[in-house]
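Topology and contacts: notes
Take a look at the letters that make up each chain.
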Amino acid sequence: GRQMIIDAARFRAPYITPERAWAEADRIRGEFWPSGEVPVEVEEILWAVGLRVEPIQSLREAGDVDALLRGDLKTVVVDTDEYMDDRMLNRIRFSMAHELGHFILHADLYRGMAHTSIDAWIDFVERVPEDQWGFIELHAYEFAGRLLVPSDRLRAEITAAAKLAEDAGFMKWDETGDAAREYMSNSIARTFGVSSQVIEKRIIREKLWPPT
């Protein structure tokens, strides 16, 4: 059928609550990553839902992005150098999870945008009202964080880390709030294969602070 092409200037983000993004992340993880092991290997989930990973040279320079979902909804483009670099593993894992979020939450939008080239895509996004694109990115961010950091597993890790942190001298959670939370986020981030910032954001979003 003919495609409806969305006018960038009139673009409006759909209303998607964080809770709905989380529920979708849990559903996808449950269905396509049934072992529940962490780190979650997102690339295997991409394959399972019918998405292919396509490394492209200099994607980062072209669009200041690590990954992009193509408008055909069949391919996630990643920056070749980052994709091949083991030190970038956590970053590219999160970027792929973020694009999977767009695929799951925003498929209709992407169909309507019908961007053929990466340049066309970057041009489109630059013309979308900033606040509206911000909502879209937030949906995908919440999806990715929850996909890679299952909340029950996070709770268990925090309980264990809280005990270690107390042994290291963090006693009064409320008084040493930020320092203790950073300390714990650093110590458990590698379990999930994400950055400590992602863990900190999850702890706040899931209202797991202070630890009980």
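Notes on the structure follow. Residue positions are counted from 1 within each chain, in the order its sequence is given. In keeping with the predicted nature of the model, local features appear solely for residues at pLDDT of at least 70, side-chain atom pairs appear and are counted solely at 80 or more, and the whole-chain, interface and lining totals rest on all residues. Derived side-chain values reflect all non-hydrogen atoms in the structure, with water molecules and hydrogen atoms excluded from consideration.

On to the sheet that holds strand S1 (residues 52-56). DSSP calls a pair of strands paired once it identifies at least 2 bridges connecting them. In DSSP terms, a helix is any run of H or I states spanning at least four residues, a strand is any run of E spanning at least two, and both are numbered starting from the N terminus. In spatial order, the strands read S1-S3-S2; together these three strands make up an open sheet with mixed pairing. Each edge of the open sheet carries a strand with a single partner, namely S1 and strand S2 (67-69). When the angles between neighbouring strand axes are averaged without regard to direction, this sheet yields 25 degrees. As defined by bridge partners, S2 adjoins strand S3 (residues 75-79) across three bridges and the pair is classed as antiparallel. Across the sheet, the residue bridging to Ala 67 is Val 78, located in S3. Note on method: axes are straight lines fitted to C-alpha atoms, helices fitted across the in-contact stretch only, with angles between N-to-C directions ranging 0 to 180 degrees.

Following the sequence through the fold, Glu 200 ends up in helix H11 (residues 196-205). In this scheme, a residue with accessible area under 20% of its type's maximum is buried, one over 50% is exposed, and one in between is partly exposed, where area comes from a 1.4 Å probe on protein chains only. Judged by relative accessible area, which is 18%, Glu 200 ranks as buried. A distance of 3.1 Å separates a polar atom in the side chain of Glu 200 from a polar atom in the side chain of Arg 181. If we ignore the near neighbours within four places in the chain, the residues touching Glu 200 are Arg 181, Glu 182 and Ser 185. The definition of a polar contact used here is a pair of N or O atoms within 3.5 Å, where within protein one atom must be able to donate a hydrogen and the other to accept one, and adjacent residues in sequence count solely through side-chain atom pairs. Residue contacts are defined here by distance: any two heavy atoms, one from each residue, within 4.5 Å place the two residues in contact.

Another point: the side chain of Ser 185. Locating Ser 185 in the fold gives a position in helix H10 (residues 177-192). Looking at Ser 185, the relative accessible area reads 0%, which means it is buried. Not counting residues within four places of it along the chain, the set of residues in contact with Ser 185 comprises Ser 196, Ile 199, Glu 200 and Ile 203.

What follows concerns the pattern of salt bridges. Opposite charge on two side chains permits pairing when their charged atoms draw close. Salt bridge, as used here: a side-chain nitrogen of Lys or Arg that lies within 4 Å of a carboxyl oxygen of Asp or Glu. Under the counting rule described, the total for this entry stands at 18 salt bridges. Note that Arg 202 is salt-bridged to Glu 142, the shortest N-O span being 3.0 Å. With Arg 202 in helix H11 and Glu 142 in helix H8 (residues 130-148), this residue pair connects regions lying 60 residues apart in the sequence. The exposure class of Arg 202 is buried, given its relative accessible area of 0%. Judged by relative accessible area, which is 4%, Glu 142 ranks as buried. By sharing partners, the salt bridges in this structure join Asp 26, Arg 29, Glu 142, Arg 146, Arg 202, Arg 205 and Glu 206 into a single network.

Let us look at helix H5 (residues 89-105). To estimate the expected span of a helix, subtract one from its residue number and multiply by 1.5 Å. Its 17 residues place the ends of H5 24 Å apart at the C-alpha level, agreeing with the 24 Å of an ideal helix rising 1.5 Å per residue. In terms of residue burial, H5 counts as a mostly covered element, since 13 of its 17 residues are buried.

Taken as a whole, the largest pocket encloses approximately 590 Å³ of empty space. With a 1 Å grid laid over protein atoms only, a set of points is called a cavity when a 1.4 Å probe fits there but cannot get out and a pocket when it is open yet has protein on both sides within 12 Å along at least five of seven lines; lining residues have an atom within 4 Å of a point. In terms of lining residues, the largest pocket is bounded by 26 residues, among which Asp 64, Val 65, Asp 66, His 98 and Glu 137 are the most central. For the lining of the largest pocket, the secondary structure elements donating two or more residues are helix H3 (59-63), S2, H5, helix H7 (118-127), H8 and H11. For the lining of the largest pocket, the leading source of residues is H5, giving seven residues. A per-class count over the lining of the largest pocket returns 12 nonpolar, seven polar and seven charged. Grid points are joined across faces, edges and corners, and a volume is the space filled by probe spheres set on the points. All residues other than Ala, Val, Leu, Ile, Met, Phe, Trp, Tyr, Cys, Pro, Asp, Glu, Lys and Arg, Gly among them, are scored as polar; the first ten of these are nonpolar and the last four charged.

In this section: the nonpolar core. We call a set of buried Ala, Val, Leu, Ile, Met, Phe, Trp, Tyr and Cys residues a nonpolar core when their side-chain atoms join them within 4.5 Å. Phe 11, Leu 100, Met 113, Leu 147, Leu 148, Leu 154 and Ile 199 are the most contacted members of the largest nonpolar core, which has 65 residues in total. Among the elements that make up this core, the one with the highest residue count is H5 (seven residues). Apart from residues no more than four positions distant in its own chain, Phe 11 is found in contact with Ile 6, Leu 109, Met 113, Phe 124, Val 128, Pro 129, Gln 132, Trp 133 and Ile 136.

Okay, the packing of aromatic side chains next. Planes of paired rings set the category: under 30 degrees apart is stacked, over 60 is edge-to-face and the rest tilted, where pairs are Phe, Tyr or Trp rings (Trp by its six-membered ring) whose centres lie within 6.5 Å. Taken as a whole and assessed by the stated rule, the structure comprises six aromatic pairs. A centroid spacing of 5.6 Å and a plane angle of 70 degrees characterise the contact between Trp 121 and Trp 133, whose relative ring orientation is edge-to-face. Placement of the pair is Trp 121 in helix H7 and Trp 133 in helix H8, with a sequence separation of 12 residues. Comparing Trp 121 with Trp 133, the two get one shared label, buried. Grouping aromatic residues by their ring pairs yields a cluster made of Phe 11, Tyr 110, Trp 121, Phe 124 and Trp 133.

Bringing the packing of helix H1 (residues 18-32) against H8 into the picture now. Taken N-terminus to C-terminus, the directions of H1 and H8 make an angle of 40 degrees; their axes are 8 Å apart at the nearest point. By the angle class used here, H1 and H8 are oblique. Two packed elements cross with a definite hand, and for H1 against H8 that hand is right-handed. The segment H1 lies against H8, with Pro 18, Ala 21, Trp 22, Glu 24, Ala 25, Asp 26, Ile 28 and Arg 29 engaging His 139, Glu 142, Phe 143, Arg 146 and Leu 147. Note on angle classes: values under 35 degrees are labelled roughly parallel, values over 145 roughly antiparallel, values of 65 to 115 roughly perpendicular, and the remainder oblique. Crossing handedness is defined as follows: a turn of the near helix away from the far one that is anticlockwise and smaller than a right angle gives a left-handed crossing, while the clockwise case is right-handed.

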